Amino acid sequence: MQSILIKDTTREQREQIIRDSLGDDYDVGCGYESTGINYQLYIDGKKELRELNAEAKCGFEVAHPEERKSGCGMGLA
């Protein structure tokens with residue numbers, strides 16, 4: 001598998017990675033309401049996908065503590 005890290009990809013490649021992952025119906029420039037993740041930060045080279053996914057997971061755990069399986073590092077018990 002080819003690296004998807006920002007340092008190993010171009011902006012165009014990152015945009016295609018997101019399109020391939022989310023399907024053709026996803027318009028990269030239209031926000032992130034359906035996923036809760038701002039993939040534009042990855043496309044622009046500001047945050048790695050693993051960071052965005054970790055933040056989204058943590059946000060879900062905070063919003064739905066009954067679903068939590070492991071801590072998100074925010075100090076919540």
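Residues numbered from 1 in each chain as written. Predicted model: local features only at pLDDT ≥ 70, side-chain atom pairs only at ≥ 80, totals over all residues. Heavy atoms only, no water.

The next thing to look at is the overall build of the chain. Of regular secondary structure, the chain possesses 3 helices and 0 strands. Put simply, the chain has 77 residues, and 21% of those count as buried. Long-range pairs, those at least 24 residues apart, make up 36% of the contacts in the chain between residues at least 6 apart in sequence. Summed over its atoms, the accessible surface of the chain is roughly 5,500 Å², and 51% of this surface lies on carbon and sulfur atoms. (Helix = DSSP H or I, 4+ residues; strand = E, 2+ residues; numbered from the N terminus. Buried < 20%, exposed > 50% of the residue type's maximum accessible area, 1.4 Å probe, protein only. Contact = heavy atoms within 4.5 Å. Areas by Shrake-Rupley, 256 points an atom, 1.4 Å probe, with all protein chains shown as cover.)

This part takes up helix H1 (residues 11-22). Its 12 residues place the ends of H1 17 Å apart at the C-alpha level, agreeing with the 16 Å of an ideal helix rising 1.5 Å per residue. By the burial criterion, the buried members of H1 are Arg14, Ile17 and Ile18. Taken around the axis of H1, the buried residues stretch over an arc of 95°, which confines them to a single face. Residues of H1 that are exposed and angled more than 90 degrees away from the buried face: Glu12 and Asp20. (Expected span 1.5 Å × (residues − 1). Arc of directions from axis to C-beta.)

The share of residues in the chain with pLDDT of 70 or more is 60%, and the mean pLDDT across the chain is 77. By mean pLDDT, the top-scoring element of the chain is helix H2 (residues 40-43) (94), and the lowest-scoring one is helix H3 (residues 49-63) (77). (pLDDT = per-residue confidence, 0-100.)

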